[in-house]
Amino acid sequence: MKKLYILSLVLSFTVCFAQTNLKKADALFKNYSYADASKAYEEILQNIKKPSTQTLKNAADSYYFISDSRNALKWYRKLYEVQGNNLTDIYYLRYIQSMKAVMDYDEANRVTKEYLDKKGDKNEINRYLAQKKQMDSLSKAKSLYEIKDLDINTSKSDFGATFFQDKIVFTSARDTTKFSEKLYTWNNQPFLNLYVAERNQADASLFNETVFLPNVMTKYHEATATFGADGKTIYYTTNIVKKNKLVVDETKTNNFQIIKGAIVDNKLENPQKVFFNSDDYSVGHPSLSEDGEWLFFASDMPGGYGETDLYYVKIAADGTMSSPVNLGPKINTIGNDLFPFFSNGVLYFSSDGHYGWGDLDVYESKFLSDGSFSDPRNLGAPINSNKDDFAFIIDKTGRFGYMSSNREGGKGDDDIYSFTKADPVCNQTISGIATDRKTKLPLTDVTIMGYNSFSDILGETKTNFEGKYALVVPCGKNVKMIAAKPNYSSDEKIVETTLENGAEIPNINFELSNYDDLVVKKKGVEKVDVKPIYFDYDKYDITPLAIEELTKVVFIMQKFPNIRIKIESHTDSRGKDAYNLKLSDNRAKSTRDYIISQNIDASRIESAIGYGESRLINKCKNGVKCTEEEHLLNRRSDFIIIQK
């Protein structure tokens, strides 16, 4: 029942013609008999070589308003070929939505970009880019929602479920009333009425449906109700009728109005029109906040941003209502923005003017502390499809609800679907930069990995050309972060994430050392680059000066866990050879023991041997006079890398 619920509801009865010509097709279109008009235009256009742009618009719109997207697209494409960039905003929108409805997404995006480029509206371009990015992200993520078509649906239109105590009230065109002989010429279906059904809490199915508040039912439309928390107050949508006759405006359109009443003994009492009703425009789709202090609704009243906008009024304790307030361009678009539902500080609504999956999509927007609403977010599949998805409601726990759709695979025109929603996955972002320890310059292509307490990997990413990274990890975890790059040392950090979904933990930075900066190479042998290890005279205890250099050895072994070394200690030639040999061996083993004490596995040190004065590196052997500096060159410890 596409566009029946967009508040452009016009009531006229079918005009029948024995033969079809253009004037008669136009009369059907003007009479809002879109089902019949579409057939008439299809027949006529087979014989018109150059139809006018208005005829193409009428033919396309006739199909568009009865949800025949494939045929609507055919004529919108013809119109586009004739008018090109002269298409108006609303016809661009309908053309694009028709493409999405048949899943021609690439072409729809191409035309969307062309349209936005033509408009040159930077805000609208930014909105498209942001919503496109969010949709791309949604398409890759697992949905929290599971939906199910309900057995209660019929071959007619069933939609607009709403909570009423422990039951569900919904809107339906099912042909079960005494007005079955009356058809709504827009789509040749019976008029809408409100029904109430019991709800099976186990599987969310609906059953035992009956007409809701029989004294409300008229021979025209009653639809989309909302209730006060106590179940005693109702607001609902109906046609404007006076003395059992439809009231029409200057365009011979019968508009919608909102009626407020009290429910007493399963009857409507004291029905009253809300003060912002008008014969000249429609208001409908009322939705009360849980506390009853806000009434949201849709309207095509003058001064809006598009075909149908969302508004709210504040309701005082004595029932007094404020003037209607438009929710503004962040929510409202050039298209139709409809079916508001406000729960737990979140506004859910449907729109065909945002950049969604096609036709009406369901969006959510959070109510912010400054009184505004956040940028709308598409709920993604399976809530949304390439068809109309609307009338979304969710219970206070956020675990289950109902929505409506005319998607493929349903039982009728519009169907009511139940859904369950899993707990949202709570994630946070850890971000920072990786730099070279020596040069302090950023490092690109550093692998950043996060692990949980069981060493299971939580996520992996790489730094960009600026050395920056951002890694998404679960909330409430101790995350072991490791940064690694070939030929560089690794670096580790422990980060504790909080329970705030979407939060960012910044400035978790890493410093990595280039292997080549930590070693010296001579004659094909690699050694850890350290200064001489100093010991007190005739001692082999580790001194503070020795620790300072040994820290470099420990560092490279920690940061390069595959490295294995052997330790060689040497003395100068002064003193007896045997004594120097033993002293150097004690110093080598003392050095080895210190390194092991710093949590370095002993198996990574192949040997620790003292060579005394047997491997001098200069002329200063026994009997040769040398300076202290020359002797110092021979008093050395080498940490030779035998595996890396």
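Residues numbered from 1 in each chain as written. Predicted model: local features only at pLDDT ≥ 70, side-chain atom pairs only at ≥ 80, totals over all residues. Heavy atoms only, no water.

Re the pattern of salt bridges
Then, in step 1: Within this structure, the stated rule accounts for 30 salt bridges.
Then, in step 2: When the shortest N-O distance is used, the salt bridge between aspartate 89 and lysine 119 registers 3.9 Å. With aspartate 89 in helix H5 (residues 89–101) and lysine 119 in helix H6 (residues 105–119), this pair connects stretches of sequence that are 30 residues apart.
Then, in step 3: Two residues, lysine 438 and aspartate 517, come together in a salt bridge whose shortest N-O distance is 3.8 Å. A residue pair is termed long-range when its members are at least 10 positions apart, and lysine 438 in the loop between strand E23 (427–436) and strand E24 (447–451) and aspartate 517 in the loop between strand E30 (510–512) and strand E31 (519–522) qualify at 79 residues. (Salt bridge = Lys/Arg side-chain N within 4 Å of Asp/Glu carboxyl O. Helix = DSSP H or I, 4+ residues; strand = E, 2+ residues; numbered from the N terminus.)

Section: the sheet that holds strand E17 (residues 346–351)
Then, in step 1: Pairing within the open sheet is antiparallel, and its four strands lie in the order E16-E17-E18-E19. Edge positions in the open sheet fall to strand E16 (337–343) and strand E19 (377–378), since each of these has one partner strand only.
Then, in step 2: Bridge count between E16 and E17: five bridges; the pairing is antiparallel. Note that in E17 the partner of aspartate 337 across the bridge is serine 351. (Pairing = 2+ DSSP bridges.)

What to know about the confidence of the model for the chain
Then, in step 1: Overall, the predicted model of the chain reaches an average pLDDT of 87, with 92% of residues at or above 70.
Then, in step 2: In this model residues 8–19 is a low-confidence stretch, pLDDT under 50, and it forms 41 contacts with partners more than four residues away in sequence or in other chains. (pLDDT = per-residue confidence, 0-100. Contact = heavy atoms within 4.5 Å.)

With respect to the state of the cysteines
Then, in step 1: This structure, assessed with the given rule, holds two disulfides.
Then, in step 2: A disulfide bridge connects cysteine 426 with cysteine 475, and the sulfur atoms are separated by 2.0 Å. Across the S-S bond of cysteine 426 and cysteine 475 the torsion is about -75°, and the bridge reads as left-handed. With cysteine 426 in the loop between strand E22 (415–421) and E23 and cysteine 475 in the loop between strand E26 (468–474) and strand E27 (478–484), the pair connects residues that are 49 residues apart, well separated along the chain.
Then, in step 3: Across a sulfur-sulfur distance of 2.0 Å, cysteine 620 and cysteine 626 are joined as a disulfide pair. The sign of the -105° torsion about the S-S bond sets the cysteine 620-cysteine 626 disulfide as left-handed. (Disulfide = S-S within 2.5 Å.)

Focus: the sheet that holds strand E5 (residues 206–211)
The pairing of strands in a sheet comes from backbone hydrogen bonds and takes either a parallel or an antiparallel form.
Then, in step 1: Taken together, four strands build an open sheet; the order of strands is E2-E3-E4-E5 and the sheet is antiparallel. At either margin of the open sheet sits one strand with a lone partner, and together these are strand E2 (158–164) and E5. Within this sheet the neighbouring strands show an average axis-to-axis angle of 30°, counted without direction. (Axes fitted to C-alpha atoms, helices over the stretch in contact; angles between N-to-C directions.)

Notes on the side chain of threonine 591
Then, in step 1: Among the secondary structure elements, threonine 591 is positioned in helix H9 (residues 577–597).
Then, in step 2: On the basis of relative accessible area, threonine 591 is assigned to the buried category, the value being 0%.
Then, in step 3: A distance of 2.8 Å separates a polar side-chain atom of threonine 591 from the backbone oxygen of arginine 587.
Then, in step 4: Other than its neighbours up to four places away in sequence, threonine 591 contacts Phe535, Ile542, Leu550, Ile567 and Phe639. (Buried < 20%, exposed > 50% of the residue type's maximum accessible area, 1.4 Å probe, protein only. Polar contact = N/O pair within 3.5 Å; in protein donor to acceptor, adjacent residues only side chain to side chain.)

Re the nonpolar core
Then, in step 1: Tyr41, Trp75, Tyr76, Leu87, Tyr95 and Met99 are the most contacted members of the largest nonpolar core, which totals 37 residues.
Then, in step 2: For this core, the secondary structure elements donating two or more residues are helix H1 (22–30), helix H2 (34–45), helix H3 (53–64), helix H4 (69–83), H5 and H6.
Then, in step 3: Residues Leu518, Val519, Ile567 and Ala588 belong to the second largest nonpolar core, which totals 26 residues. (Core = buried A, V, L, I, M, F, W, Y, C linked by side-chain atoms within 4.5 Å.)

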